[in-house]
Amino acid sequence: MSELTLERGLAAFRAEIDAPTAAFFSSCVHCGVCAQSCPFYLETGDPKYTPILKLEPLRLIWEAEFTLWGRIKGLLGLQEKVTDAMLAEWEELLYDSCSMCGRCSMVCPVGNDLAYMIRKSREGMVQAGHAPEGLINASIRAVTTGSPMGLQWKTLAVQIKHVEASTGLEVPVDKTGAEYLVMLSSMEVINFPEYLEAITKIFDHAGVTWTLSTQCFEATNAGIQIGNKDIAAQLVERVVAAAETLKVSKVISPECGHAFTAIRWEGPNLIGRPYPFRVFHIVEVLDELRATGRIQTEGKEDDRLSMHDPCNLARKSGVIQQQRNLIDLVAEDFVDMNEHGRFQWCCGAGGGVSSNERAEELKMAAFKRKKAQIEEVAPERMVTMCATCRTQLEEGLEEYNMDIPVIGLTEMIADHLVEKPRAAAEHDAEA
Amino acid sequence: MSGAMGFLLWVKGPMFNIALAIFAIGLIARLVEIFLLGRAPNYAEPRAGEWGPGLRTMLSRTIADPGTFKRAPFNVVVGWVWHIGFLIALLLFIPHIELFKGVLGLYWPGLPNPVVDLVTAVTLITLLATLVHRLWHPVKRRISTTEDYLVWTIVFMVVLTGYLAYHRLVEPYPLALGMHILSAELMLIMLPFTKLTHIFTAFIARWYNGAAFGRKGVQS
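The rules behind each value
- Residues numbered from 1 in each chain as written.
- Chains lettered and ligands numbered in written order.
- Predicted model: local features only at pLDDT ≥ 70, side-chain atom pairs only at ≥ 80, totals over all residues.
- Heavy atoms only, no water.
- Pairing = 2+ DSSP bridges.
- Helix = DSSP H or I, 4+ residues; strand = E, 2+ residues; numbered from the N terminus.
- Axes fitted to C-alpha atoms, helices over the stretch in contact; angles between N-to-C directions.
- Contact = heavy atoms within 4.5 Å.
- UniProt positions renumbered as here; feature names shortened; annotations may be inferred.
- Buried area = accessible area lost by both parts, 1.4 Å probe.
- Salt bridge = Lys/Arg side-chain N within 4 Å of Asp/Glu carboxyl O.
- Polar contact = N/O pair within 3.5 Å; in protein donor to acceptor, adjacent residues only side chain to side chain.
- Buried < 20%, exposed > 50% of the residue type's maximum accessible area, 1.4 Å probe, protein only.

**Student:** Would you mind showing me how to read the sheet that holds strand 8 (residues 406–408) of chain A here?
**Tutor:** Think of a sheet as strands paired side by side through backbone hydrogen bonds, with each pair either parallel or antiparallel. Residues and elements named next belong to chain A. Read from one edge to the other, the open sheet built from four strands follows the order 6-5-7-8, with strand pairing classed as parallel. If you trace the sheet from one side to the other, it starts and ends with strand 6 (331–334) and strand 8, each paired once. Neighbouring strand axes in the sheet, compared pairwise and without regard to direction, differ in orientation by 45 degrees on average. As paired strands, strand 5 (residues 301–307) and strand 7 (residues 381–384) are joined by three bridges and run parallel to one another. Counterpart to Ser 306 in the pairing with strand 7 is Met 382. In the packing of helix 18 (residues 321–330) onto the sheet, contacts are made with strand 5, strand 6 and strand 7, and the angle to strand 6 comes to roughly 120 degrees. Across the sheet, helix 20 (residues 387–399) touches strand 7 and strand 8, and the angle it forms with strand 8 is around 170 degrees.

Written out as structure tokens, the structure reads:
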């Protein structure tokens, strides 16, 4: 990689400024309400974590180079400049203390989409050489090995064997012409192998044709988390190539929030063209199977369950009702958190925070907001549908000695499938 | 007296035209600066259109969500009160309507003077409260810039001089009225170059926000 410099950083910041960004910065009145939506500010009480302040480098470049008044100030030598020292100081603000959860974007009274601009700012930070070590390493591993955790197909192959042995079902690999290409996240493969087993059972039950691809199994995108379009585009192209090779019409993003926004919303723009296939989160697929009567369940969980909506899935992708339909199918005593769906609170680990080892303390501080939400409704177990959220919930609850297991929604559905599926027609889809 | 009258005639005449010209040119420049930047094409398959959700967010952001209201009640309530107070005084005070009628040819019914007077007093008090809050609240103190205090000062001056002129608290009257008009002109001049632009751009920002989320199936 050629040398990363302030000049390159400034050029990258500059390239990110568009009409929405200019409208947002023109509108900020410094009311500070965004801070009241940020778990990193609320749980540390440190005003430097105010979301709009995190955007100061991008704002300065907008003001200096994209406004008449800023240019005049520049000629008079009154315009503050972005320096390398400033970016070094802002690294913590733009990475360690922001999970890009987008809650501030939902509450800003003038309508500023702050998370959108954080994502943009990171492009500049990478080019200026001010990205966190942890994310740099994850990006390098993603490019060189195909997985941000350095996971290789052979590890997954072992897992596939285990799943096949325990279910007696085939895990389809490289099946051309299947309906769905199933993508995974390394975090899931390592921490939650039950997911692969669950979809194997569910898809067999529902008669869905699907496949994994040896060409590419990783759905996550470290390039987006760190903020590097080139890396991000390269990772998206791998998924596209795998889907095209196998001629699938649909690609399923796993129980991972950011992988979904990466491939569903950013991906086509990164590669500069629409996909020849459609993209769904696994929860969307399962809900569709439920609605069409292809999933038949029996029995219900009888303990008190609550749910954590991953930011990327709910607020940032509009998948909110689907997981509730699914949980109603298999849970008797489900209680939603007071602020859920588009107003849910982040677990604290998203947006690359969990890959950034030095942010551990902040990550756990931000979790306290989620913890308080969980305590309010006092569930016996938590359900979620993102491996990063799930890991964070497990670690956080453990840290605070709260005995609340966390389970993935897909495996919960798989646990309730009826053994011998009856004819779909007999079933009321809405049951 | 003649000095004061000369001052009043100047602010009502040449200065008014200068202020309006700077305001108009500055605002057009700002809007052009924004829109010329454009947006990159979006190739992701949308869940919904952009216009509906965008237009809805333009209005809906005026009301805070319940959680934000609970966490920042002062911001929400005081912000509302002074904005509405300012708008009532600006748009429903009969002499102001006369001015709009003269400049734009448009007019509408106003409120009785005592009502506008009370609203103005409330606006002044809430504006003072916003200043105290800005100086006291750690977040607001940390993010505030010279511009924030400058803008606060000019907005406060506009309302205060109006109040003083109405109550004949400054003599001679042409001086009081002249100061009020001059404050308003300074505010107009500053508007396109400071955060006062949010009067216009906040609706653009809200549209972009609503459109981006709406496209993904979320009403923001």
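Right, picking up where we left off after that structure.
**Student:** What is the right way to read the UniProt feature "transmembrane region" (unreviewed entry) in chain B from this model?
**Tutor:** Mapped onto this numbering, the UniProt entry gives "transmembrane region" (unreviewed entry) at residues 15–37, 74–95, 115–137, 149–166 and 186–208 of chain B. When the span residues 74–95 of chain B is considered, its composition is 95% helix and 0% strand, and the gap between its end C-alpha atoms is 32 Å.

**Student:** Mind showing me how you'd approach the interface of chain B and chain A here?
**Tutor:** Many descriptions give the size of an interface as the accessible area lost when the pieces come together. On the side of chain A, 60 residues touch chain B, which itself brings 50 residues to the contact. Of the roughly 4,500 Å² buried where chain B meets chain A, counting both sides, 59% is carbon and sulfur surface. At the boundary of chain B with chain A, the tally comes to three salt bridges. With a shortest N-O distance of 2.8 Å, Glu45(B) and Arg278(A) are connected by a salt bridge. Here chain B is connected to chain A by 27 residue pairs in polar contact (both at pLDDT 80 or more). Elements supplying a minimum of two residues to the side of chain B that touches chain A: helix 2 (14–37), helix 4 (66–71), helix 8 (138–143) and helix 11 (198–215) of chain B.

**Student:** Sorry if this is basic, but what is going on with the pattern of salt bridges here?
**Tutor:** Pairs may arise between side chains of opposite charge once their charged atoms sit close together. Residues and elements named next belong to chain A. The final tally for this structure, using the stated rule, is 36 salt bridges over all chains. Notably, a salt bridge pairs Lys 48 with Glu 92, separated by 3.1 Å at the nearest N-O pair. With Lys 48 in the loop between helix 3 (39–44) and helix 4 (51–54) and Glu 92 in helix 7 (residues 84–96), the pair connects residues that are 44 residues apart, well separated along the chain. Between Arg 103 and Glu 339 there is a salt bridge, with its nearest N and O atoms 3.0 Å apart. One end of the pair, Arg 103, is in helix 8 (residues 103–107); the other, Glu 339, is in the loop between strand 6 and helix 19 (360–377), with 236 residues separating them in the sequence. Each of the two residues, Arg 103 as well as Glu 339, counts as buried. What you see here is one network of salt bridges that share partners, running through Glu 16, Asp 18, Lys 120 and Lys 229.

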